[in-house]
Number of protein chains: 2
Amino acid sequence: MVQEQQQERINGLDMAGFRAAVAEIAQNPDAVHNTRRARVRWMGGFKFSTLVRNHTFIVDEPATLTGEDAGPSPMEYIIGTLGACLAIGFVLNASKQGIAIRNMEVTLEGDQMNHLRFLGLSEEGHPGFERITAKLFVQADADEPVLRAIWEHTVATSPVGNTLTHVVPITPDIAVFP
Amino acid sequence: MVQEQQQERINGLDMAGFRAAVAEIAQNPDAVHNTRRARVRWMGGFKFSTLVRNHTFIVDEPATLTGEDAGPSPMEYIIGTLGACLAIGFVLNASKQGIAIRNMEVTLEGDQMNHLRFLGLSEEGHPGFERITAKLFVQADADEPVLRAIWEHTVATSPVGNTLTHVVPITPDIAVFP
């Protein structure tokens with residue numbers, strides 16, 4: 001019986017383990033502050049190997065920009081990762097309410113209004129995303145208003161979402177070697 | 001001789017091809033506006049397959065949050081991708097000036113000051129990155145002031161960089177299926 005409780009699963013998640021992990025974070029005052037690190041190694045041309053913790057992923061530009069298209073471009077990673085962060089948040093928030101999800105997909109559309117500045121073709125505007133739409137397609141054991149409220153809460157509390165909806169200053173530093 | 005010019009390469013880039021690609025974009029008024037799309041498919045738990053154009057990448061949460069750690073977490077993708085975008089921009093801007101790069105690496109450090117809100121442990125603050133440092137380590141055929149100016153220009157004109165340093169509104173939408 002105790003073992004069954006420990007193995008309580010919903011949406012593929014070990015909820016007892018999840019609650020224990022959250023409780024441990026809640027008891028640790030240092031956990032409020034989180035520093036993340038990455039390292040990017042040049043592979044020639046526009047191709048880079050990006051290292052985060054124990055993972056590696058390849059970033060490149062498509063052939064239209066004379067890249068080798070060995071992986072998604074940076075802006076493709078950004079919009080896809082936003083979708084994954086929102087999707088993870090929806091699974092987390094629905095699971096906490098005991099709602100079983102049968103199927104889900106998130107589609108994203110992001111507008112770059114003036115990407116020419118990156119190429120040196122314009123001195124004005126900014127070349128990043130100016131607005132993004134994130135649409136959830138879902139089949140789950142709850143009514144539409146409940147699922148809509150969870151989705152809107154998820155977008156409002158998403159780490160990647162908040163990184164995009166807030167101004168995040170970037171400080172450049174450099175070390176030149178002979 | 002013509003063929004040699006066409007094959008002019010620096011830093012692994014076909015510069016004649018690059019200039020031709022940029023000239024084609026400059027002649028196309030529609031090119032100022034760019035829409036990017038992504039699709040995120042659920043694989044169970046916190047694991048998602050993210051599709052952009054012809055590429056796929058896996059996003060997951062680490063075991064500390066009861067994920068399977070099948071890939072980087074969303075915030076790890078964001079900081080690593082910022083680094084790759086800045087690195088690509090540096091190669092592009094240095095190559096346009098004819099500067100040969102012998103070796104380069106970018107390290108990133110991003111601070112989440114209150115990531116607890118994502119877990120429902122706090123009602124205040126935002127759980128995204130609040131500030132990021134991006135450091136370039138480089139060996140190249142140019143003096144430090146030149147390389148520093150290129151790096152600072154690169155950070156200021158980066159598509160991912162500008163996505164982070166500006167407010168990007170995210171509009172949630174939902175479709176519920178029975």
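Thresholds, definitions, all that
Residues numbered from 1 in each chain as written. Chains lettered and ligands numbered in written order. Predicted model: local features only at pLDDT ≥ 70, side-chain atom pairs only at ≥ 80, totals over all residues. Heavy atoms only, no water. Helix = DSSP H or I, 4+ residues; strand = E, 2+ residues; numbered from the N terminus. Rg over C-alpha atoms; globule rule 2.2 N^0.38 Å. Contact = heavy atoms within 4.5 Å. Areas by Shrake-Rupley, 256 points an atom, 1.4 Å probe, with all protein chains shown as cover. Lys, Arg positive; Asp, Glu negative; His and termini not counted. Charge placed at Lys NZ, Arg CZ, Asp CG, Glu CD. Pairing = 2+ DSSP bridges. Axes fitted to C-alpha atoms, helices over the stretch in contact; angles between N-to-C directions. Polar contact = N/O pair within 3.5 Å; in protein donor to acceptor, adjacent residues only side chain to side chain. Parallel < 35°, antiparallel > 145°, perpendicular 65-115°, else oblique. Left-handed = near helix turned anticlockwise from the far one by under 90°. Expected span 1.5 Å × (residues − 1). Buried < 20%, exposed > 50% of the residue type's maximum accessible area, 1.4 Å probe, protein only. Least-squares fit on C-alpha atoms with pLDDT ≥ 70 in both. Core = buried A, V, L, I, M, F, W, Y, C linked by side-chain atoms within 4.5 Å. Salt bridge = Lys/Arg side-chain N within 4 Å of Asp/Glu carboxyl O. Nonpolar A, V, L, I, M, F, W, Y, C, P; charged D, E, K, R; others polar.

Colleague: Help me get a handle on the overall build of chain A, residues and values and all.
Modeller: Of regular secondary structure, chain A possesses five helices and eight strands. Counting helices and strands in the order they occur from the N terminus, chain A gives α-β-β-α-β-β-β-α-β-β-α-α-β. What you see for chain A is a C-alpha radius of gyration of 20 Å, clearly larger than the 16 Å of a compact globule of 178 residues, by over 25%. With the C-alpha coordinates of chain A rotated into their principal frame, the extents come out at 65 × 40 × 30 Å. Sequence separation of 24 or more characterises 45% of the internal contacts of chain A that already satisfy a separation of 6 or more. Of the roughly 7,800 Å² that chain A leaves accessible, carbon and sulfur atoms contribute 49%. Distance from the positive charge centre (14 side chains) to the negative charge centre (21 side chains) of chain A: 5 Å.

Colleague: Give a detailed account of the sheet that holds strand β8 (residues 170-176) of chain B, specifying residues and quantitative values.
Modeller: Here we have six strands laid out as an open sheet, ordered β5(B)-β4(B)-β3(B)-β6(A)-β7(A)-β8(B), and mixed in their pairing. One side of each edge strand has no neighbouring strand; the edge strands of this open sheet are β5 (55-59) and β8 of chain B. The mean inter-strand angle of the sheet, taken between neighbouring strand axes irrespective of direction, is 20°. As defined by bridge partners, strand β3 (residues 34-42) of chain B adjoins strand β4 (residues 48-52) of chain B across four bridges and the pair is classed as antiparallel. Across the sheet, residue Arg39 of chain B finds its bridge partner in β4 of chain B, namely Leu51 of chain B. Contacts from helix α3 (residues 74-96) of chain A reach β6 (101-112) and β7 (129-140) of chain A together with β3, β4, β5 and β8 of chain B within the one sheet, and its direction differs from that of β6 of chain A by about 145°.

Colleague: So what about unusual backbone geometry? Which residues, and what values?
Modeller: If a residue is not glycine, its phi is most likely negative; likewise, a peptide bond is most likely trans. The phi dihedral of Asp69 of chain A falls on the positive side, at around 55°, and the residue is not glycine. If you trace the backbone, Asp69 of chain A turns up in the loop between β5 (55-59) and α3. Of note, the phi angle at Asn11 of chain B is positive, near 55°, even though the residue is not glycine. Along the chain, Asn11 of chain B falls in the loop between β1 (9-10) and β2 (13-14).

Colleague: Could you give an account of the side chain of Asn114 of chain B, naming the residues involved and the relevant values?
Modeller: Checked against the element boundaries, Asn114 of chain B lands in the loop between β6 (101-112) and β7 (129-140). Among the polar contacts made by the side chain of Asn114 of chain B, one reaches the main-chain carbonyl oxygen of Glu124 of chain B at a distance of 2.7 Å. Filtering out sequence-adjacent residues up to four positions away, Asn114 of chain B remains in contact with Val32 of chain A together with Ser122, Glu124, Gly125, His126 and Pro127 of chain B.

Colleague: Describe the packing of helix α3 (residues 74-96) of chain B against helix α4 (residues 144-157) of chain B, with residues and values.
Modeller: Residues and elements named next belong to chain B. One can describe the packing of α3 onto α4 by two numbers: an axis separation of 9 Å at closest approach and a directional angle of 130°. With respect to α4, the element α3 is oriented oblique. Taken as a pair, α3 and α4 cross one another with a handedness that is right-handed. Residues Leu86, Gly89, Phe90, Asn93 and Ala94 of α3 pack against Leu147, Ile150, Trp151, His153, Thr154 and Val155 of α4.

Colleague: So what's going on with α4 of chain B? Which residues, and what values?
Modeller: Since the α-helix turns once every 3.6 residues, residues separated by three or four places project in the same direction. Its 14 residues place the ends of α4 of chain B 20 Å apart at the C-alpha level, agreeing with the 20 Å of an ideal helix rising 1.5 Å per residue. Taken together, the buried positions of α4 of chain B are occupied by Leu147, Ile150, Trp151, Thr154, Val155 and Thr157 of chain B. Close packing links the buried residues of α4 of chain B with β8 (170-176) of chain A together with α3, β6, β7 and α5 (159-165) of chain B.

Colleague: Give me the relation of the copies chain A and chain B: which residues, what numbers.
Modeller: The two copies are related by a screw operation: chain A maps onto chain B through 180° of rotation and 0.0 Å of translation along the axis, at an RMSD of 0.0 Å. Each copy turns onto its partner about a two-fold axis. Most of the interface of chain A is mirrored in chain B, where 100% of its interface residues again form contacts.

Colleague: Go over the environment of Ser73 of chain A, please, and point to the residues and values.
Modeller: For Ser73 of chain A, the position within the fold is in the loop between β5 and α3. Along the primary structure Ser73 of chain A and Arg117 of chain A are separated by 44 residues, whereas in three dimensions their C-alpha atoms are 17 Å apart. When near neighbours in sequence (up to four residues on either side) are disregarded, Ser73 of chain A contacts Val59, Asp60, Glu61 and Pro62 of chain A together with Arg36 of chain B.

Colleague: For the nonpolar core, give the residues involved together with the corresponding values.
Modeller: Phe90 and Met104 of chain A together with Phe90 and Met104 of chain B are the most contacted members of the largest nonpolar core, which has 107 residues in total. Among all residues touching Met104 of chain A, those that are not within four sequence positions of it are Ala87, Phe90, Val91, Leu136, Phe137 and Val138 of chain A together with Val40, Arg41, Trp42 and Phe48 of chain B.

Colleague: Go over the sheet that holds strand β4 (residues 48-52) of chain A, please, and point to the residues and values.
Modeller: In any sheet, the strands associate via hydrogen bonds between backbone groups, in a parallel or an antiparallel arrangement. If you walk across this open sheet you meet the six strands as β5(A)-β4(A)-β3(A)-β6(B)-β7(B)-β8(A), and the pairing is mixed. Here the strands that pair on one side only, and so sit at the sheet edges, are β5 and β8 of chain A. Within this sheet the neighbouring strands show an average axis-to-axis angle of 20°, counted without direction. Pairing of β4 of chain A with β5 of chain A involves five bridges; the strand directions are antiparallel. Bridge pairing in β5 of chain A links Phe48 of chain A to Val59 of chain A. Together, β8 of chain A together with β6 and β7 of chain B form the strand contacts of α4 of chain B, whose direction differs from that of β8 of chain A by roughly 155°.

Colleague: Break down the interface of chain A and chain B for me, with residues and values.
Modeller: Counting from both sides, the interface comprises 125 residues of chain A and, opposite them, 125 residues of chain B. Summed over the shared surface of chain A and chain B, the result is twelve salt bridges. Of the charged contacts, one joins Asp69 of chain B and Arg53 of chain A as a salt bridge, the two residues approaching to 3.2 Å between their closest N and O atoms. Seen at the junction of chain A and chain B, the total is 60 residue pairs in polar contact (both at pLDDT 80 or more). Top contributing element to the side of chain A that touches chain B by residue count: α3 of chain A, with 18 residues. Across the side of chain A that touches chain B, the residue classes break down as 65 nonpolar, 38 polar and 22 charged.

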